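Survey of secondary and tertiary structure
The chain contents come next:
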Amino acid sequence: MPNPTPSSPRVTARMVAERAGTSIATVSLVVNGKERGRVSTPIVARVRAAVDELGYVVDHAASSLARGSGDLVVLIAPDLSNPFFAEVIRGVRDTLGERFQLVLSVTERGSQPGLEDVRRFERLRPAGILVDAPTADQTIAASVPVVLLDAPGGADAVNYDLSAGVSSLVSHLGAAGHRHVAYLDGTSRAQTFAVRRAMFEQACAAAGVTMSDVTAQADLTIDAAAEVAAGVLARWVASGVTAVVAAADTLAYGVLRVAASRGIAVPGVLAVAGFDDLPSSSVTAPALTSVALPGADLGRAAALRLLAMLDGTEPPAHALPTRLVPRASTGA
């Protein structure tokens, strides 16, 4: 059988089976990675050779329709380039193992995942969908299992318990003598950022620490944060602010950059802290104090919850503990 040309019919599993001299069912097992213990090594080799020769590509959508559900798990996130999401992906992938294939999708820049994104992938009938940091003003329901990550208040969600981490951060700043602090927020519409700020404000009020009236927020990149910090840092320092807390480590990096460029000593003149505890936070200059929100643990917990939903078992607890990691940026 000649190799198909661009004008030839699409290569099918039947064509691969005929080339390999085996059944369509056997081809399906091999191309979906389920041949172990079920198909002999010589036949596996013949099928793979036929796949390569014919250029066969598995149609996951068609397979899903035939089975009623697929072997794909879709993770929708707002920014896969952010180091935090890389950790989330690692946790999900390691937990799903070989049972499911992980598909990644990123929303448009500056937007949070929402119902429309879920609907788009729902048509493929995946086994399930994971939605990281969804928009706060939508209820997400679908015909396939959906687990939300870092979505405070959401049903079937895996979240952080921020209370211990935030309380420790404010206590740490208070013990170092900081009584007037500023907060650099993120522009994200994800509910998690609103919760971080609200809890920090409450903890400061309870500890007698005042927050600056000069508010600021930036996109979750170092460059964006540096640009915003350049416009407010002098005002913060002039008004007596001695510590800046950023809603994410990437924002705190921008503050550190501007402070260094202007000769503002950290932590001598200004202490800086963030949220996430990204791997790079231990090697910034100075190393960044941060409330640890372990991304890999979040991804792992979400994947375990999805697997429990698929298997009909009791989902595990979904509130992940947080802790403060004190470093040199606050004088630790």
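Every value quoted in this text rests on a predicted model; they were computed, and no experiment measured them. (Residues numbered from 1 in each chain as written. Predicted model: local features only at pLDDT ≥ 70, side-chain atom pairs only at ≥ 80, totals over all residues. Heavy atoms only, no water.)

Looking at the element boundaries, Leu72 is found in strand 1 (residues 72-77). Each C-alpha atom, one on Leu72 and one on Val88, is 17 Å from the other, the two residues being 16 residues apart in sequence. (Helix = DSSP H or I, 4+ residues; strand = E, 2+ residues; numbered from the N terminus.)

Turning to helix 10 (residues 249-261), a few remarks are in order. An ideal rise of 1.5 Å per residue puts 18 Å on 13 residues; helix 10 measures up with 19 Å between its terminal C-alpha atoms. When you tally the buried positions in helix 10, you get 10 out of 13 residues, the bulk of the element. Within helix 10, the full set of buried residues consists of Asp249, Thr250, Leu251, Ala252, Tyr253, Gly254, Val255, Leu256, Val258 and Ala259. Buried positions along helix 10 lie against strand 6 (180-186), strand 8 (216-218), helix 9 (222-238), strand 9 (243-246), strand 10 (271-276) and strand 11 (289-292). Where helix 10 ends, the next residue or the one after it, Gly263, has phi of about 70 degrees, a positive value. (Expected span 1.5 Å × (residues − 1). Buried < 20%, exposed > 50% of the residue type's maximum accessible area, 1.4 Å probe, protein only. Contact = heavy atoms within 4.5 Å.)

Their axes nearest at 9 Å, the elements helix 7 (residues 163-175) and helix 8 (residues 191-207) cross at an angle of 45 degrees. Viewed along their axes, helix 7 and helix 8 adopt a mutual orientation that is oblique. Here helix 7 runs over helix 8; the crossing is right-handed. Every residue of helix 8 that contacts helix 7 at Ser163, Val166, Leu169 and Val170 is listed here: Met199, Phe200, Ala203, Cys204 and Ala207. Looking at the contact of helix 7 with helix 8 residue by residue, the classes come out as 8 nonpolar, 1 polar and no charged. (Axes fitted to C-alpha atoms, helices over the stretch in contact; angles between N-to-C directions. Parallel < 35°, antiparallel > 145°, perpendicular 65-115°, else oblique. Left-handed = near helix turned anticlockwise from the far one by under 90°. Nonpolar A, V, L, I, M, F, W, Y, C, P; charged D, E, K, R; others polar.)

What follows deals with empty space enclosed by the protein. Here the structure, examined in full by the defined rule, presents 1 cavity of 30 Å³ or more. A volume near 30 Å³ is recorded for the largest cavity. Lining of the largest cavity is provided by Asp150, Pro152, Asn159, Tyr160, Leu162 and Thr192. For the lining of the largest cavity, the class distribution of residues is 3 nonpolar, 2 polar and 1 charged. (1 Å grid on protein atoms, 1.4 Å probe; cavity = no way out; pocket = protein on both sides within 12 Å on 5 of 7 lines; lining within 4 Å. Points joined across faces, edges and corners; volume = space filled by probe spheres on them.)

Once that is clear, we can look at the pairing of strand 1. Within strand 1, 6 of the 6 residues are buried, leaving the element largely enclosed by the surrounding structure. Side chains of strand 1 alternate between two faces, with Leu72, Val74 and Ile76 and Val73, Leu75 and Ala77 buried alike. Relative to strand 2 (residues 101-106), strand 1 runs parallel, the two being bridged by 6 bridges. Residue pairing for strand 2: Ile76 is matched across the bridge by Ser105. (Pairing = 2+ DSSP bridges.)

For Asp276, the location among the structural elements is in strand 10. Looking at Asp276, the relative accessible area reads 8%, which means it is buried.

The next point concerns the packing of helix 1 (residues 13-20) against helix 3 (residues 41-54). At their nearest, the axes of helix 1 and helix 3 sit 9 Å apart, and the two run at 125 degrees to each other. Considering their axes alone, helix 1 and helix 3 lie oblique with respect to each other. The interaxial crossing formed by helix 1 with helix 3 has right-handed handedness. Counting all contacts with helix 1, which are made through Met15, Val16, Arg19 and Ala20, the residues of helix 3 involved are Arg46, Val47, Ala50, Val51, Glu53 and Leu54.

Taken in spatial order, the 6 strands of this open sheet run 2-1-3-4-5-12, and their pairing is parallel. Of all the strands in the sheet, just strand 2 and strand 12 (319-321) have a single pairing partner and so form its edges. Across the sheet, the mean angle separating the axes of adjacent strands is 20 degrees when strand polarity is ignored. Here strand 4 (residues 146-149) pairs with strand 5 (residues 157-161) via 2 bridges, running parallel. Residue pairing across strands places Leu148 opposite Ala157, the latter belonging to strand 5. Each of strand 1, strand 2, strand 3 (128-132), strand 4 and strand 5 is contacted by helix 5 (residues 83-96), which is oriented at about 160 degrees to strand 2, the strand it contacts most.

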